[in-house]
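Coordinate analysis (summary)
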Amino acid sequence: MSESDIATRVRKIVVEHLSVDEEKVTENASFIDDLGADSLDTVELVMAFEEEFGIEIPDDAAETIQTFGDAVKFIKDAV
Amino acid sequence: MFDLTGKAALVTGASGGIGAQIARTLHGAGAAVVLSGTREGPLDDLARDLGDRAWAVPCDLSDADALAALPGRAADAAGSLDILVNNAGITRDGLMLRMSDDDWQAVLDVNLTAVFRLTRASLRGMMKARWGRIVNISSIVGQTGNPGQANYAAAKAGMVAMSKSLASEVASRGITVNNVAPGFIATAMTDKLTDRQRDDLLAGVPAGRMGTPEEIAAAVLYLASSEAGYVTGATLHVNGGMSMV
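Residues numbered from 1 in each chain as written. Chains lettered and ligands numbered in written order. Predicted model: local features only at pLDDT ≥ 70, side-chain atom pairs only at ≥ 80, totals over all residues. Heavy atoms only, no water.

Thoughts on the overall build of chain A
A tally of regular secondary structure across chain A gives 4 helices and 0 strands. Each helix (α) and strand (β) of chain A, taken in turn from the N terminus, gives the series α-α-α-α. By the compact-globule yardstick of 12 Å for 79 residues, chain A fits well, its C-alpha radius of gyration being 11 Å. Overall size of chain A, expressed as C-alpha extent along the three principal axes, is 25 × 25 × 20 Å. Intrachain contacts of chain A at a sequence separation of at least 6 include 56% that bridge at least 24 residues. Here chain A displays about 4,600 Å² of accessible surface, and carbon together with sulfur accounts for 45% of that area. Computed over 6 positive and 21 negative side-chain charges, the inter-centroid distance for chain A is 7 Å. (Helix = DSSP H or I, 4+ residues; strand = E, 2+ residues; numbered from the N terminus. Rg over C-alpha atoms; globule rule 2.2 N^0.38 Å. Contact = heavy atoms within 4.5 Å. Areas by Shrake-Rupley, 256 points an atom, 1.4 Å probe, with all protein chains shown as cover. Lys, Arg positive; Asp, Glu negative; His and termini not counted. Charge placed at Lys NZ, Arg CZ, Asp CG, Glu CD.)

Brief notes about the overall build of chain B
A count of helices and strands for chain B gives 9 helices and 7 strands. Taken over the C-alpha atoms alone, chain B extends approximately 50 × 40 × 35 Å along its principal axes. Taking all 245 residues of chain B together, the buried fraction comes to 48%. Within chain B, counting contacts between residues at least 6 apart in sequence, those at least 24 apart form 68% of the total. (Buried < 20%, exposed > 50% of the residue type's maximum accessible area, 1.4 Å probe, protein only.)

Details of the UniProt feature "domain: Carrier" (unreviewed entry) in chain A
Residues annotated by UniProt as "domain: Carrier" (unreviewed entry) correspond here to residues 4–79 of chain A. Annotation note: span residues 4–79 of chain A, helix share 62%, strand share 0%, distance between end C-alpha atoms 14 Å. (UniProt positions renumbered as here; feature names shortened; annotations may be inferred.)

Structural notes on helix H1 (residues 17–28) of chain B
All names here are of chain B. Here H1 contains 12 residues, and its C-alpha end-to-end distance of 16 Å stays within 8% of the 16 Å for a straight helix at 1.5 Å per residue. Most of H1 sits out of view: 9 of its 12 residues are buried. Downstream of H1 by a residue or two, Gly-30 has a phi angle that is positive, lying close to 105°. (Expected span 1.5 Å × (residues − 1).)

Focus on the side chain of Ser-163 of chain B
Residues and elements named next belong to chain B. Residue placement: Ser-163 occurs in helix H6 (residues 150–170). With relative accessibility at 2%, the residue Ser-163 sits in the buried group. Reaching out from Ser-163, the side chain makes a polar contact with the side chain of Asn-136 at a distance of 2.8 Å. Side-chain polar atoms of Ser-163 contact the side chain of Asn-179, separated by 3.0 Å. Discounting residues that sit within four places of it in the chain, Ser-163 has contacts with Asn-136, Val-177 and Asn-179. (Polar contact = N/O pair within 3.5 Å; in protein donor to acceptor, adjacent residues only side chain to side chain.)

As structure tokens, this is what we get:
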């Protein structure tokens, strides 16, 4: 799976889940600070990533996923 | 009012007196109901009696894997899982001085840990749907304590505090978490009391009578309804005034 494929799928999840415009979901966009997520949203996003990519994201790793770019990078290494 | 058409409910302990009535009442309000419990025979009978929109899905609550799978099985049968009623419970009564670790653990496992596991497994669908109702059947003894029921009272009190914590976590997602705390309710179990025992018990109940399973089910129906959407983290006491908390 290429990084751009992953980014596309992650972006789709983020846009749907947080109801934000696609162009706002940039590399450095923070889920909480820039995209309006609360703590429960971040848990739901991680669970959605796990489901979409068939991976497991442990809690300590999930804490490091703060931005869209963090998510793509983590998933790229995990799949 | 209190129309549950289009909603699907999972009721645990549905083979018991109160659980069966909860299932009947929710079904009567239009909900699809999934009946769970350990005794297959009574569950099947109830499902057959209710007819459409009712399925029996037996499950052993002490089996963690079976519990984790139960919400999925319920949703497969009923199309979704919108309402969870944690009604199943056991007792292993005895004075604490003589209570075994096994009797303590068995009650905590079924009455608290199983509720935690089943609720956790049910949340995901509710979160996605942005609507959910979790109604836990606690007990007045979770508030007052009761001699001979240290294990049961602890589990029921734990259930209430767990509900309040979860209620805070998921309130923004349209999911409410509440408890119904029955007092003395007329069931097969209380039928076995002698007149003397019954009189002694009722002396502490201002209403002067035992409650009925219908009166518990009505409280559950309210908390499961859309009308109760602003009620969360609450415990609705249904005890004839026996304890006004």
